[in-house]
Amino acid sequence: MQFKFNSSEPIYRQIADQIEESIVTGGFIEDKQIPSTTEISKEFHINPATVLKGMNIVVGEGFLEKRRGLGMFVVKGAREKILKSKRDNFFANYVIHLISEAKNLNISEDELIALIKRGFSK
Amino acid sequence: MSVLEVKHISKSFGTSNVLSDINLTFEANKIYGLLGRNSAGKSTLLNIITNRIFADSGEVTIDSENVAENDSKLGQMFLMSEVNTYPAGSTLSFIIKQTEQLYGGFNHQLANRLVNEFELDLSQKFGKLSTGYNSIFKLVLALCVPVKFVIFDEPVLGLDANHREIFYTELLQSYSDTPRTIILSTHLIEEITQIISDVIVIDHGNILLDQTVEDVLSKTHAVAGPSSDVNQYTNGLNVIGSETMGNLKTNYVFGDLDDRILPDTVQLSKFDLQKLFIFLTTGAPVKGGNKGEN
Amino acid sequence: MKIRQVTKMLLTKDIKTLIYTYLYTFAILMVLPFLINLLTGTLKYFSFTSILKNMPFGTVFSIYLIVISSISYESFKMFIQNGISRRTFFIGKLSTLMILILIGDFINLLFGYLIQIPLVGYERFNLFMGSYAGFFHNVFASVLFNYLMSGLLLICLVTFVMAFGSAMSLLSKRLQRLMVIGIPIIGIILIFIATSLWHSMAYKGTWMLNLFKLVVGFNAGNQLNPFPLISFLLVFSIVFAAIARFFFSKKQLKRE
């Protein structure tokens, strides 16, 4: 996990994103417990309430579940769901920016497609 | 769930007004950051809260009961401060014993862990401690007494980076184990920005800011771009500082942006609490002018 | 209640000091001359009883009381750090001094009755024995009132010093130093004026002399009555305890 403390994204939102990211990369494994609020709070010196707020977002999205007396666990199938939502948001999150930057640099549609192909062939 | 309230506190030393009609509420189990420049009135305020000195007017209450000359209320607070209140000739373990007797409890388990982590020697005399270990010893006391309000005035004075790291980690661990209200008064703003949930900025004896960190940060906007575009965009907004480099300008806005249209040439981002603090407390009234360069 | 903890804490510290004070007194006045005489081979001039007779336990205890009752700021700092109010600190301090007086007064009398009277035949070992003992015909009443009057005298001393000391501790360090130098000088001048006034008035039966006679219990017979003095001492201690309490309530942490 890493956080950008002066990003425009509030810290609790970053915590939610980082937890999801960790689930995708396999840092947090499905059906297994993730670190507690206190552990994350201590590790990154973030107020526990902020950490909890971030975690609760992920719980609300259905990727984490609270098991009473045990802690937070990654829901089965969460990784696939996160991947899907990331794919769904790929256009909005990346493609739009890519194209707007390309336009700023006077890169044509064909040139951009060529560059993307080059990237894939590497 | 106890609430500590500061009501209409004013204080002057001789002719200089140190605090003017201060009103604050410290809620249960939150971590507050109390920020202010040197001699802004922070220590005076904390000394008044803990009844070490008297205010000229106003009162401090815990759960609506005045704390002045009130053992049970005073016993719910611990102020760790720069001033040395312990006898120089006493050993650290003796001071711990006395503290335990007077507060009616002490978390020895935590104390032992902290003593090990900080490599503190309890057989030393209090007066013989270095600045760093003087702070460390008081931190240990503050974290281990059974109080509802733990107040730190310059907690990391003289601590090296490693020891500061241990302090923040242990503070959060202890807070998670035993939730209570914590007030951190420090100059190292960047180190505590994420730890505190609420921030209070005091300047020349007045409260400039008393809000949650989340709200405060959501109102910070750095507006960067060509000088004229930036000025036009921020016209009428609360610009608290700016920086210029050639024809490029950044205006720092504190407050909500309205629905005005952002020109393509202008970029928006956030800025951090430390920067906000500097702009708010730099003294001279802030105009849109060029003052970031000095 | 925190008064108990505070008293216990102060008492533990002060009793330790008291024991050391007695030990040092004994060592300096008894052991040291003995050793010197022993080393110089003049042991025949060493008189155990004459030294014992002049052993100033009473004076030493009074000086000890003056010292510990005048110092309060260091303890105040420590107690306010630990959430103890000025009121509790004052009551704890006063209780500590009372308990110390109960002990010290007892030791003084024990020394007087058991050592000074039987061993060295010194009967007038304190104010009461010098002036009031003859008032009582019952030995137990005499001893009891001796204990009471000597104790009250010490309580007067302690409350007076506490009032004075706590008032002083409110001043800045510089003013304190000025006072330490100034007050004895003013005191000496006042005593000088008072004695010269006294001499000029002493035989004229002025109200001051009458008041003095009343307080010390002078009556037509040649035996002084202790009860007026006891009442006076009682009122004196209460007044000065109240003054000390007032100044204690004004204590604040100083800016260092």
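The model shown is predicted, which means the values in this text are computed figures rather than measured ones.

**As for the sheet that holds strand β11 (residues 220-226) of chain B**
All names here are of chain B.
At step 1: Taken in spatial order, the four strands make up an open sheet running β12-β13-β11-β14, and their pairing is antiparallel. Strands with a single pairing partner mark the edges of an open sheet, and in this sheet they are β12 (239-245) and β14 (267-269). Taken pair by pair, the neighbouring strands of this sheet meet at an average axis angle of 20 degrees, ignoring direction.
At step 2: With six bridges connecting them, β12 and strand β13 (residues 248-254) associate as antiparallel partners. From the neighbouring strand, Ser242 faces β13, where its bridge partner is Asn251.
At step 3: Of the strands in this sheet, β11, β12, β13 and β14 touch helix α9 (residues 227-234), which is tilted by about 145 degrees from β11.
At step 4: Against the sheet, helix α10 (residues 273-281) engages β11, β12 and β13, with an angle of about 105 degrees to β12.

**Section: the confidence of the model for chain B**
Caution applies to low-pLDDT parts of the model: their predicted coordinates are not meant to be read in detail.
At step 1: Overall, the prediction assigns chain B a mean pLDDT of 92, with 96% of residues at 70 or greater.
At step 2: Confidence over residues 284-294 of chain B falls short of pLDDT 50; this stretch has 18 contacts with residues more than four positions distant or in other chains.

**Let's talk about the packing of aromatic side chains**
The geometry of an aromatic ring pair is captured by two quantities: the separation of the ring centres and the angle between the planes.
At step 1: Enumeration over the complete set of coordinates arrives at 34 aromatic pairs over all chains.
At step 2: The interplanar angle of 75 degrees and the centroid separation of 5.5 Å between the aromatic rings of Tyr22 of chain C and Phe57 of chain C together place this pair among those described as edge-to-face. Taken together, the residues span a long stretch of sequence, with Tyr22 of chain C in helix α1 (residues 2-40) and Phe57 of chain C in helix α3 (residues 57-70) at a distance of 35 residues. The residues Tyr22 of chain C and Phe57 of chain C share a single accessibility class, namely buried.
At step 3: Of the aromatic side chains, those joined through ring pairs into one cluster are Phe128, Tyr132, Phe135, Phe136, Phe145 and Phe227 of chain C.
At step 4: Of note, Arg260 of chain B hangs over the ring of Tyr233 of chain B, and the distance from its end group to the ring centre comes to 6.0 Å.
At step 5: The lysine or arginine in question, Lys251 of chain C, covers the ring of Phe248 of chain C, its NZ or CZ lying 4.8 Å from the ring centre.

**Some thoughts on the interface of chain A and chain B**
At step 1: Contact residues are listed per partner, giving 14 residues for chain A and 15 residues for chain B.
At step 2: Counting the surface chain A buries against chain B, the share from its top three residues, Lys42, His45 and Asn47 of chain A, is 47%.
At step 3: Residues Lys53 of chain A and Glu214 of chain B are paired through a salt bridge, measuring 2.8 Å at the closest nitrogen-oxygen approach.
At step 4: At the boundary of chain A with chain B, the tally comes to six residue pairs in polar contact (both at pLDDT 80 or more).
At step 5: Within the residue set of the side of chain A that touches chain B, elements represented by two or more residues are α1 (11-25), α2 (37-44) and α3 (48-60) of chain A.
At step 6: With three residues, α2 of chain A is the largest single contributor of residues to the side of chain A that touches chain B.
At step 7: Grouping the amino acids of the side of chain A that touches chain B by side-chain chemistry returns five nonpolar, seven polar and two charged.

What counts, and at which threshold
Residues numbered from 1 in each chain as written. Chains lettered and ligands numbered in written order. Predicted model: local features only at pLDDT ≥ 70, side-chain atom pairs only at ≥ 80, totals over all residues. Heavy atoms only, no water. Pairing = 2+ DSSP bridges. Helix = DSSP H or I, 4+ residues; strand = E, 2+ residues; numbered from the N terminus. Axes fitted to C-alpha atoms, helices over the stretch in contact; angles between N-to-C directions. Contact = heavy atoms within 4.5 Å. pLDDT = per-residue confidence, 0-100. Phe/Tyr/Trp six-rings, centres within 6.5 Å; stacked < 30°, edge-to-face > 60°. Buried < 20%, exposed > 50% of the residue type's maximum accessible area, 1.4 Å probe, protein only. Lys NZ or Arg CZ within 6 Å of the ring centre and 35° of its normal. Buried area = accessible area lost by both parts, 1.4 Å probe. Salt bridge = Lys/Arg side-chain N within 4 Å of Asp/Glu carboxyl O. Polar contact = N/O pair within 3.5 Å; in protein donor to acceptor, adjacent residues only side chain to side chain. Nonpolar A, V, L, I, M, F, W, Y, C, P; charged D, E, K, R; others polar.

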